[in-house]
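Architecture at a glance
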Amino acid sequence: LTLTFGNRPLATYLELAPEQLPGVNLGSWMSAEQRDAFTQRLSQLSPEFPVSTAEINLQLPGREHAWWVWSDRGVFDEQGRLLEIQAVGRDNTEVRRSQQQLTQSAKMATLGEMATGLAHEINQPLNVMRMAIVNVLKRLSNGDVQVDYLIDKLTRIDSQVQRAARVVDHMRVFGRRSEIEQQPFNPAQAIEGTLSLLSEGMRGKGVDLRISETGFEVQVRGYVDQLEQVLINLMVNARDALLDKREKHPGFKPWISLYAERDTHSVRLWVEDNGGGIDPRLLERIFEPFFTTKPVGVGTGLGLSVSYGIVENMGGKLSVRNSTEGARFCIELPIVPAD
Ligand code: ADP
């Protein structure tokens, strides 16, 4: 990645004079992972396919992270040997930053929508603890306490404290910005995180959750908190459709099912509900930003469009179909081979 020439804007970005550029290694502004990906991409250039474009992340002097859309063209001799590479770059940091801000605001909006569920999630352990404490106090005032009884109650309280702490911890992690670089992770982790935030609230609202454990080990590449955000959006949307339907049909039994399947190349996560599905005329539009059928102040219309972007950014696809009973969303992600 040694530069033989660079123009003035490049030199300015790197805080050098143009004549200092020859001999400088472009890779020294990249993380090891970015550098590997970059050289890997260059090694695939051939006389038949001499051009390749990617978005690269640079750690530039005086700025935290810059994103450049970078296009390389290999110059080959008659025997097909690579002589040099000519490249053009465009600074995409601002666009990237606005995208990240959009994702972040959508995430905060999701947290807002979940607030009632979370209150429930934390209230539950508080209630259990309160009961335990009331019982212990009653026994104490009667002078009727055995050590075993106290140990049992205190252990119970301790496990409930841990449960509440897990929820709070998780909320904090969820609210954070995603890491700069995508990481391999097991999608089951995102399912677990989603359920830890949502399941109590869903059950509290009378929604039957049908979860099939994945039971297999796979890795996908991206950000676990973002995949969680997608799952939360899908489940919260399903919940809204279900509660809407139950308002009109009081005897209705709402359910959401969440399951995963895999083949050699990809893993698919399915979120399905029996809320009646999506009006076929709207199916095309629901992934558009700001498209919502919910009342002002309830829907932002950002959930699905941001989810779509997140899954696409992970190299996957988010799609939807109506089943006989309701909507059926599918997150399909490419599996990354284990190292
Ligand atoms: P919001 O939830 O803020 O409206 P979204 O982008 O998440 O924004 O969803 C867009 C629209 O898609 C919703 O307003 C709703 O009409 C429709 N929708 C999404 N999921 C479902 C579902 N599971 N069942 C029925 N309609 C759905």
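Residues numbered from 1 in each chain as written. Predicted model: local features only at pLDDT ≥ 70, side-chain atom pairs only at ≥ 80, totals over all residues. Heavy atoms only, no water.

Selection rule: UniProt positions are given in the numbering used here, feature names are shortened, and annotations may be inferred rather than shown by experiment.
You'll find the chain entered in an unreviewed UniProt entry as histidine kinase, with Pseudomonas jessenii given as the organism. The UniProt entry for the chain carries this comment under Catalytic activity (unreviewed entry): "ATP + protein L-histidine = ADP + protein N-phospho-L-histidine."

1. Section: the overall build of the chain
Note the following rule: Helix and strand labels come from DSSP, where a helix needs a run of H or I of at least four residues and a strand needs a run of E of at least two; each type is numbered from the N terminus. In this treatment the radius of gyration is a C-alpha quantity, and the globule benchmark scales as 2.2 Å times the residue count to the 0.38 power. Remark: exposure states derive from per-residue accessible area (1.4 Å probe, protein chains only) relative to the maximum for the residue type, with buried under 20%, exposed over 50%, and partly exposed in between. What makes two residues a contact is simply this: any of their non-hydrogen atoms within 4.5 Å. For the accessible areas, the method is Shrake-Rupley and the probe is 1.4 Å, while residue cover comes only from the protein chains on display. By the counting scheme adopted, Arg and Lys are positive, Glu and Asp are negative, and His together with the chain ends is not counted. The atoms used to mark charge sites are NZ of Lys, CZ of Arg, CG of Asp and CD of Glu.
Check the secondary structure of the chain and you find seven helices and ten strands. Over its C-alpha atoms the chain spans a radius of gyration of 26 Å, topping by over 25% the 20 Å that the globule rule assigns to 339 residues. Seen through its principal axes, the chain has C-alpha atoms that stretch 95 × 55 × 40 Å. Evaluated residue by residue, the chain yields a buried proportion of 42% over its 339 residues. By sequence separation, contacts in the chain at least 24 residues apart represent 64% of the contacts at least 6 residues apart. Accessible surface for the chain amounts to roughly 19,200 Å². Of this, 53% is attributable to carbon and sulfur atoms. One way to put it: in the chain the 37 positive side-chain charges average out to a point 7 Å from where the 43 negative ones average out.

2. Topic: the packing of helix H5 (residues 187-204) against helix H6 (residues 224-248)
The test is simple: The axes are straight lines fitted to the C-alpha atoms, using for helices just the contacting stretch, and the angles between their N-to-C directions are given from 0 to 180°. By definition, any crossing whose near helix is turned counterclockwise from its far helix by less than a right angle is left-handed, and any crossing with a clockwise turn is right-handed.
Relative to each other, H5 and H6 sit at 35°, their axes nearing to 8 Å. Regarding H5 and H6, the two cross each other, and that crossing is right-handed. Taking contact as the criterion, the partners of Pro 187, Gln 189, Ala 190, Ile 191, Gly 193, Thr 194, Leu 195, Leu 197, Leu 198 and Met 202 in H5 are, on H6, Val 224, Leu 227, Glu 228, Leu 231, Ile 232, Met 235, Val 236 and Arg 239.

3. Some points on the packing of H6 against helix H7 (residues 303-313)
Note the cut-off: Note on residue categories: nonpolar means Ala, Val, Leu, Ile, Met, Phe, Trp, Tyr, Cys or Pro, charged means Asp, Glu, Lys or Arg, and polar means any other residue, Gly included.
Relative orientation of the contacting elements H6 and H7 amounts to 145°, with a least axis distance of 9 Å. As H6 packs across H7, the resulting crossing turns out to be left-handed. Counting all contacts with H6, which are made through Gln 226, Leu 227, Gln 229, Val 230, Asn 233, Leu 234 and Asn 237, the residues of H7 involved are Gly 303, Leu 304, Val 306, Ser 307, Ile 310 and Val 311. Across the contact of H6 with H7, the residue classes tally to seven nonpolar, six polar and no charged.

4. Concerning the nonpolar core
What counts is decided by this rule: The nonpolar core is taken to be a set of buried Ala, Val, Leu, Ile, Met, Phe, Trp, Tyr and Cys residues, with the residues joined through side-chain atoms within 4.5 Å.
The biggest cluster of nonpolar side chains holds 49 residues, and the ones touching the most others in it are Met 235, Ile 256, Phe 329 and Ile 331. For this core, the elements supplying multiple residues, two or more each, are helix H3 (93-141), H5, H6, strand S7 (255-262), strand S8 (266-273), H7, strand S9 (317-322) and strand S10 (327-334). In terms of residues, this core owes the most to one element, H6, which gives ten residues. Leu 10, Leu 42, Leu 45 and Leu 60 belong to the second-largest nonpolar core, a separate cluster that totals 18 residues.

5. Points about the site of the ligand
Heads up, the rule is: A molecule or strand has a residue near it when one of that residue's heavy atoms lies within 4 Å. Here a polar contact means two N or O atoms within 3.5 Å. Within protein one must be a hydrogen donor candidate and the other an acceptor candidate, and residues neighboring in sequence count only if both atoms are side-chain atoms.
Of all residues adjacent to the ligand, which total 19 residues, the nearest are Thr 292, Thr 293, Lys 294, Thr 300 and Gly 301. One of the side-chain nitrogen or oxygen atoms of Lys 294 is found 2.7 Å away from an oxygen atom of the ligand. Summarising the interface, the protein chains cover 94% of the accessible area of the ligand, which totals 540 Å² for the free molecule. Every element with two or more residues in the shell around the ligand is listed here: H6, H7 and S10. It is H6 that provides the largest number of residues to the shell around the ligand, a total of three residues.

6. So, the pattern of salt bridges
Our working rule: Between Lys or Arg on one side and Asp or Glu on the other, a salt bridge is scored when a side-chain nitrogen of the former is within 4 Å of a carboxyl oxygen of the latter.
Per the stated rule, a full pass over the model turns up 15 salt bridges. Between Arg 239 and Asp 240 there is a salt bridge, with the nearest N and O atoms lying 3.2 Å from each other. Accessibility expressed as a relative area gives 13% for Arg 239, which makes it buried. A salt bridge links Asp 279 to Arg 281; its shortest N-O distance comes to 2.8 Å. One network of salt bridges, with partners in common, ties together Glu 261, Asp 263, Arg 268 and Glu 332.

7. Comments concerning the sheet that holds strand S5 (residues 208-211)
Put simply, the rule reads: Note on pairing: DSSP must find at least two bridges between two strands before they are called paired.
Pairing in this open sheet of five strands is mixed, and the strands run S5-S7-S8-S10-S9 from one edge to the other. Edge positions in the sheet fall to S5 and S9, since each of these pairs with one other strand and no more. Between one strand and the next, the sheet's axes are offset by a mean angle of 15°, whatever the strand orientation. As defined by bridge partners, S8 adjoins S10 across seven bridges and the pair is classed as antiparallel. Its bridge partner being in S10, Arg 268 is matched across the sheet by Glu 332. The strands touched by H5 are S5, S7 and S8; relative to S5, the strand with the most contacts, the crossing angle is about 165°.

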